[in-house]
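Architecture at a glance
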Amino acid sequence: MASSQLLWGKYIRYDRDGEAALLDPVTLDSVYLDRGEVTDLSAVPPTATHTALAELGFTPDGPDLDRREALRSRLQRLGLEPLPVRISGLRIVLTDACNMKCSYCFVETNTGKPDMTEQELADGLTYLFETNAGRDEVAIQWFGGEPTTRFDLMQRGDELADALAEQHDVQRVRRTVVTNGARITDAMIDHFSRYRYGVGISVDGPPSVNSEHRRLLGGQPADDRIRRNVGRLLDADGIHVGCNLTPTPANIGRLAETVKWIIDELGLKFIYANTPIPASGRWTVDGTELAEELYQARLVALGRGGMMFSVLDRAFQALDRRRPMLFDHMQSDRTLNAALLPGSRVSLCDINFTEPAFLHTLEELRADPALLGGVAKEIAPIPECGECPALAICGGPSRNEQLLIAGDRPDPQMCAFYQSTVEIAVWDSTGLQ
Amino acid sequence: MPTPRRTKGDHLIYADVVDSKSKAGVWMGERDAFQAKQAEILEALKDNTDWVPVENAIMVVSTEPAGITIIAANPTLPGVIVLADGGSPEASAQLQASGEELVRKLMAERGIMEEEAA
């Protein structure tokens, strides 16, 4: 049985089966106490355990600092700034046309709006390579709608990217595509292989789960077709194929089973579980349940020779490295993956293509790079964040989350999710992934 | 002594990028690279230690409690090696005990007697 409480007004104390773990939510230091030490800790100080804890930096005294302020100071000392320095990758949204209709998609599909033009694509790529001249790498991710419906633009863009990389002395272009996998031609496979693509297939599980929310436009399931295409992609040389798994009410409660199916039956050994997006204004999944499911599924994947990543990994990495991991959408080098949209617009947030606060033209971004700060996160925006074990791991809602839920106050399920991820990670320091 | 969490800085993917770059499975390519590095490290270890190859070794991944258990046939003596890591001391002890118990149970089911120590 696990529980948690506050020790000495500043450490989170987790108890489980007689042992305990202490976490400093600001420094992210944590320490384990065995049964004897737990007993010792409750005795009148100083005991051997009190002394040993003090040597590790866990003391009952110290400045009574507001934890939100303490975190901000620590971020400053570590040089962790919320302001992005440049755009290093583009999610290129070629079209909103899609051959499937998925109930939870955050993109409004098949609206009849024009696709991206070749000129718009060229302008966006030129901006990307100009901005990253002399750098090691830029990233291009083809996205939609279903991006393969405009395979012609993908081909054109990849050729152009090569030319621009040479022109601007960019060493490497990392190419990926997010696809539903329902229409993959031989020509596409040849192209992906030639450019060593990462292909992310969006699948939510076995047919009974996947077809719950992911169906072709006509309403029929596409599972057999997707499965055949995954096999063809896996057989090709030079393509890295993975699965983008969205937790939904259909697979929550069955995530471990779902992951087992994806690895054993579909043959995909890399799984990325998407983070819930409160597109309807709130989280639609139970945060605690989701965290526990992701964790179980992660271990199932590891036990089958696969890898599964999700935002749960934030907590593990933050605790393992004693480093806050609270910036959403920004890369570890403080650069952004933004979305290039039809109509020569860029969204600073690659999972929100409509919010006016994120939308700029290329000219605006060129003229005023400080506009990138429009997606910067406000750290721990509400007083309750200061009391939260996940203070330095969640850090409060992202700008996108704030806009979607129309306020600073995080969705309670989001809070429950991040708090659960911290507790899970505190108890697992095996460093498996 | 209270045990601090071990430090680890070689995560395969930085969590603050999981929302974008890694989504399309491109990281499977990283696996080729790190597996090559692992092989290189092990070759270097072989040059710097006395060692015997361990065949038939498996890593059991447990969920309750979370952790890993390496189980391998002892390459030079009778018996099976069980080494568990559950993160916290209690969890490691639990995993070690359950791993050993499982080995004994499966031995008994097969009528294999435990070797007596000399």
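My aim in this report is to walk through the structure given alongside it, one point at a time. (Residues numbered from 1 in each chain as written. Chains lettered and ligands numbered in written order. Predicted model: local features only at pLDDT ≥ 70, side-chain atom pairs only at ≥ 80, totals over all residues. Heavy atoms only, no water.)

What follows concerns the overall build of chain A. On a plain count of helices and strands, chain A comes out with 14 helices and 16 strands. For 433 residues, the compact-globule formula gives about 22 Å, and the C-alpha radius of gyration of chain A, at 23 Å, lands near that figure. Dimensions of chain A, computed from the C-alpha atoms along their principal axes, are close to 75 × 50 × 40 Å. Among the 433 residues that make up chain A, the fraction classed as buried is 59%. Summing over all exposed atoms, chain A offers an accessible surface of approximately 16600 Å²; the carbon and sulfur share of this is 48%. Across chain A, the centroid of the 44 positively charged side chains sits 2 Å from that of the 62 negatively charged ones. (Helix = DSSP H or I, 4+ residues; strand = E, 2+ residues; numbered from the N terminus. Rg over C-alpha atoms; globule rule 2.2 N^0.38 Å. Buried < 20%, exposed > 50% of the residue type's maximum accessible area, 1.4 Å probe, protein only. Areas by Shrake-Rupley, 256 points an atom, 1.4 Å probe, with all protein chains shown as cover. Lys, Arg positive; Asp, Glu negative; His and termini not counted. Charge placed at Lys NZ, Arg CZ, Asp CG, Glu CD.)

This brings us to unusual backbone geometry. Residues and elements named next belong to chain A. Following P45, the chain continues to P46 via a peptide bond in cis, the omega torsion being 0°. Along the chain, P46 turns up in the loop between α1 (35-41) and α2 (48-55). In this structure, R334 is a non-glycine residue whose phi angle is positive, near 65°. Tracing the sequence through the fold places R334 in the loop between α11 (312-321) and β14 (335-341). Residue R334 is classed as partly exposed on the basis of its relative accessible area of 25%. Positive phi is not limited to glycine here, since S344 has a value of about 60°. Turning to its location among the elements, S344 is positioned in the loop between β14 and β15 (345-347).

Enumeration over the complete set of coordinates arrives at 27 salt bridges over all chains. With a closest N to O distance of 2.7 Å, A:D264 and A:R304 form a salt bridge. Of the two residues, A:D264 sits in helix α9 (residues 255-266) while A:R304 sits in the loop between α10 (287-303) and β13 (307-309), which places them 40 residues apart along the sequence. In this structure A:R304 comes out as partly exposed when scored by relative accessible area, which is 33%. Between B:R6 and B:D85 there is a salt bridge, with its nearest N and O atoms 2.8 Å apart. Highlighted residues: B:R6 in the loop between β1 (3-4) and α1 (28-48) and B:D85 in strand β4 (residues 80-85), separated in sequence by 79 residues. Using a relative accessible area of 38% as the deciding quantity, one classes B:R6 as partly exposed. Looking at B:D85, the relative accessible area reads 18%, which means it is buried. Connected via shared salt-bridge partners are A:D115, A:R150 and A:D152. (Salt bridge = Lys/Arg side-chain N within 4 Å of Asp/Glu carboxyl O.)

Glancing now at the interface of chain B and chain A. Facing 46 residues of chain B, the contacting portion of chain A comprises 70 residues. Counting across the interface, chain B meets chain A through 2 salt bridges. A:R35 is paired through a salt bridge with B:E90; the nearest N and O atoms lie 3.1 Å apart. Joining chain B to chain A, the criterion identifies 12 residue pairs in polar contact (both at pLDDT 80 or more). When contributions to the side of chain B that touches chain A are tallied by element, the ones reaching two or more residues are β1, α1, β2 (58-63), β3 (66-73) and α2 (89-109) of chain B. Top contributing element to the side of chain B that touches chain A by residue count: α1(B), with 5 residues. Grouping the constituent residues of the side of chain B that touches chain A by class yields 19 nonpolar, 15 polar and 12 charged. Relative to β1(B), strand β4 (residues 30-33) of chain A is paired through 2 bridges, and the arrangement is antiparallel. In the sheet register, A:V31 faces β1(B), and the bridge partner there is B:P4. (Contact = heavy atoms within 4.5 Å. Polar contact = N/O pair within 3.5 Å; in protein donor to acceptor, adjacent residues only side chain to side chain. Nonpolar A, V, L, I, M, F, W, Y, C, P; charged D, E, K, R; others polar. Pairing = 2+ DSSP bridges.)

On to a nonpolar patch on the surface, then. Together, B:M59, B:I70, B:I81 and B:L83 make up an exposed nonpolar region whose accessible area comes to about 330 Å². Locating B:I81 in the fold gives a position in strand β4. (Patch = residues over 30% accessible without salt bridge, like charges linked within 9 Å, V, L, I, M, F, W, Y side chains within 5 Å.)

Residue and element names in this part refer to chain A. I87, I92, F129 and F192 are the most contacted members of the largest nonpolar core, which has 121 residues in total. F129 has contacts with V138, A161, L164, A165, H168, V170 and V173, leaving out every residue within four places of it along the chain. In terms of nonpolar packing, the next biggest core, distinct from the first, is built from 10 residues, V31, L41, L53 and F58 among them. (Core = buried A, V, L, I, M, F, W, Y, C linked by side-chain atoms within 4.5 Å.)

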